[in-house]
Amino acid sequence: MKVSLVGLITLLAILQSCKKLDETNPEAVLSKYMELRIEEEFKAAYDLISTDSKKSATLGEYTKYFEIPDSLKPQGRLIKSIAAVDENINSPSYRRFKVNGIQISHKGDSIKYLTYFTLKNEDARWRIVWDNIITQQADHSFNNGDYDGALDLLETAIKLDPYDAEAIEKIGWCYLRDNTKSDVVRKDEIMKNFKYALTLEPDEWTHYNAMASYYSLINLSDLQIDSYNKGLEMALNEPDKATIYANLSNCYVAKRQTDKAIDYLEKSIECYPNSAYSYYKFGVILNDLGKYEEAKEKYEKALSLPTLENSLQSGLFYSYSSLCLKQYEYQKAKDYILKALEIDPNNEYYQALYDKINNAN
């Protein structure tokens, strides 16, 4: 007896739907969750997150988090592997997994990704720990310079997921950026959190990038460069490499190796042409070299791109204002130093430049 293709597909679909998820198997739960996420079955995916995670985000908030305009939606996603990690962390209550995959962007680009998940055991049923709404709010506070607010949110996230290395690393960044705390406290918290994040996720490039910033703070430039280079080995995509190349350029500025610093910035922009940070740092180098027109071009390119976090954006405004003053563009210089002061009104360098502009005008 012949079976039609449509009938066979229908039968397979029925058999698949009848296959009950083994909720006692954490890898099976995560695999199903990833499948539902890819298929945008958000209600079913939400049902697989932990009870405490549901307290941090309603179904509506969870669904909205993943909303993407149709014009930007990826063409496809592929999970390459799901692997259990770190037996020392795994316990009757928690399991950790890493997922490697590929996403085809709306432009057709192939983007590799690596992401980690924590699962929690709830009465012999494994559930995904999901704290993304909290960490998203923390990122917003951090970008706006509210480091104490970000820290409060990140601590809440870590209570939910004790192994969220991204949140742990961001705590280190809060202490790195916040100059109001003592140097002793800052250095201890930065090192502790960056190191722990790297221990949890030793193949994540961002943690090497973070550790390099710590080495910079304690003036260990060779270790800083080594850490950046290790991050380059781990980086999966060109935009990730762009960040590290731009940071490496800063190392060679400090070593007074300007040509090498410029080479790294050119590599950064080649990897990611919309890096405001790279254009900003390029402008600083050219400004210091007295190449004012070229510096102005780089600064204005940076200003045309999406806004950086507050501590960097204010520096961009300050640097551009300084250049405008050199070129006798007093009103523009004043406009941009005022923008810098709006972000960081207590910065002595910004205040001094403001006074200098007023006296020159």
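Structural data are supplied above this passage.
Values in this document were obtained by computation on a predicted structure and should not be read as measured data.

Definitions and limits used
Residues numbered from 1 in each chain as written. Predicted model: local features only at pLDDT ≥ 70, side-chain atom pairs only at ≥ 80, totals over all residues. Heavy atoms only, no water. Helix = DSSP H or I, 4+ residues; strand = E, 2+ residues; numbered from the N terminus. Buried < 20%, exposed > 50% of the residue type's maximum accessible area, 1.4 Å probe, protein only. Contact = heavy atoms within 4.5 Å. Areas by Shrake-Rupley, 256 points an atom, 1.4 Å probe, with all protein chains shown as cover. Lys, Arg positive; Asp, Glu negative; His and termini not counted. Charge placed at Lys NZ, Arg CZ, Asp CG, Glu CD. Expected span 1.5 Å × (residues − 1). Polar contact = N/O pair within 3.5 Å; in protein donor to acceptor, adjacent residues only side chain to side chain. Salt bridge = Lys/Arg side-chain N within 4 Å of Asp/Glu carboxyl O. Axes fitted to C-alpha atoms, helices over the stretch in contact; angles between N-to-C directions. Parallel < 35°, antiparallel > 145°, perpendicular 65-115°, else oblique. Left-handed = near helix turned anticlockwise from the far one by under 90°. Nonpolar A, V, L, I, M, F, W, Y, C, P; charged D, E, K, R; others polar. Phe/Tyr/Trp six-rings, centres within 6.5 Å; stacked < 30°, edge-to-face > 60°. Lys NZ or Arg CZ within 6 Å of the ring centre and 35° of its normal. Pairing = 2+ DSSP bridges.

Caption draft 1: View of the overall build of the chain. In terms of helices and strands, the chain carries 18 helices and four strands. Dimensions along the principal axes, computed over C-alpha positions, put the chain at roughly 90 × 50 × 40 Å. Out of the 361 residues in the chain, the part that is buried amounts to 45%. Within the chain, counting contacts between residues at least 6 apart in sequence, those at least 24 apart form 53% of the total. Summed over all atoms, the accessible surface of the chain reaches about 19,600 Å², with 49% contributed by carbon and sulfur. Positive and negative side-chain charges of the chain, numbering 44 and 55 respectively, have mean locations separated by a distance of 2 Å.

Caption draft 2: Focus on helix α2 (residues 26-38). Between its first and last C-alpha atoms α2 spans 18 Å; for 13 residues at 1.5 Å apiece the expected length is 18 Å, and the two agree. Its side-chain oxygen 3.0 Å from the backbone nitrogen of E27, N25 forms the N-cap of α2. Residue E40 follows α2 closely and has a positive phi angle near 60 degrees.

Caption draft 3: Region of interest: the pattern of salt bridges. By the definition in use, this model includes 21 salt bridges. Ionic pairing is found between D222 and K255, a salt bridge with its closest N-O pair at 3.5 Å. Of this pair, D222 sits in helix α11 (residues 221-234) while K255 sits in the loop between α12 (238-254) and α13 (258-271), and the two are 33 residues apart along the sequence. The exposure class assigned to D222 is exposed, which follows from its relative accessible area of 53%.

Caption draft 4: Spotlight on the packing of helix α16 (residues 310-326) against helix α18 (residues 348-360). The geometry of α16 relative to α18 is characterised by a closest axis approach of 11 Å and an angle of 25 degrees between their N-to-C directions. Comparing the axis directions of α16 and α18 gives the class roughly parallel. Considering how the two elements wind past one another, α16 and α18 form a crossing that is left-handed. Residues S314, G315, Y318, S321, S322 and L325 of α16 pack against Y349, Y350, L353, K356, I357 and A360 of α18. Considering only residue class, the contact of α16 with α18 consists of seven nonpolar, four polar and one charged.

Caption draft 5: Main features of the environment of G76. Examined against the element boundaries, G76 turns out to sit in strand β1 (residues 76-84). The partly exposed category is assigned to G76, whose relative accessible area is 25%. Apart from residues no more than four positions distant in its own chain, G76 is found in contact with I102, Q103 and I104.

Caption draft 6: Representation of the packing of aromatic side chains. Applying the stated rule across the entire model yields 20 aromatic pairs. Ring centres 5.1 Å apart and planes at 85 degrees place the aromatic pair Y65 and F66 in the edge-to-face group. Here the aromatic residues F42, Y46, Y62, Y65, F66 and W130 are joined through ring pairs into a cluster of three or more. The positively charged end of K170 is found above the aromatic ring belonging to F142, 4.7 Å away from the centroid. Directly above the ring of F317 sits K339, whose terminal nitrogen or CZ lies 5.9 Å from the centroid.

Caption draft 7: Fine view of the sheet that holds strand β2 (residues 94-104). The strand order β1-β2-β3-β4 describes an open sheet built from four strands, whose pairing is antiparallel. One side of each edge strand has no neighbouring strand; the edge strands of this open sheet are β1 and β4 (125-128). Strand-to-strand, the axes of this sheet are offset by a mean angle of 30 degrees, without reference to chain direction. Across four bridges, strand β3 (residues 110-122) lies against β4 in antiparallel orientation. Looking across to β4, one finds that N121 is bridged to W126.

Caption draft 8: Structural view of the side chain of E122. Turning to its location among the elements, E122 is positioned in strand β3. Of the side chains with opposite charge, R125 comes closest to the buried, unpaired E122, at an N-O distance of 5.1 Å. Among residues more than four places away in sequence, those in contact with E122 are S50, T51, D52 and R127.

Distances and angles like these do not, on their own, reveal function.
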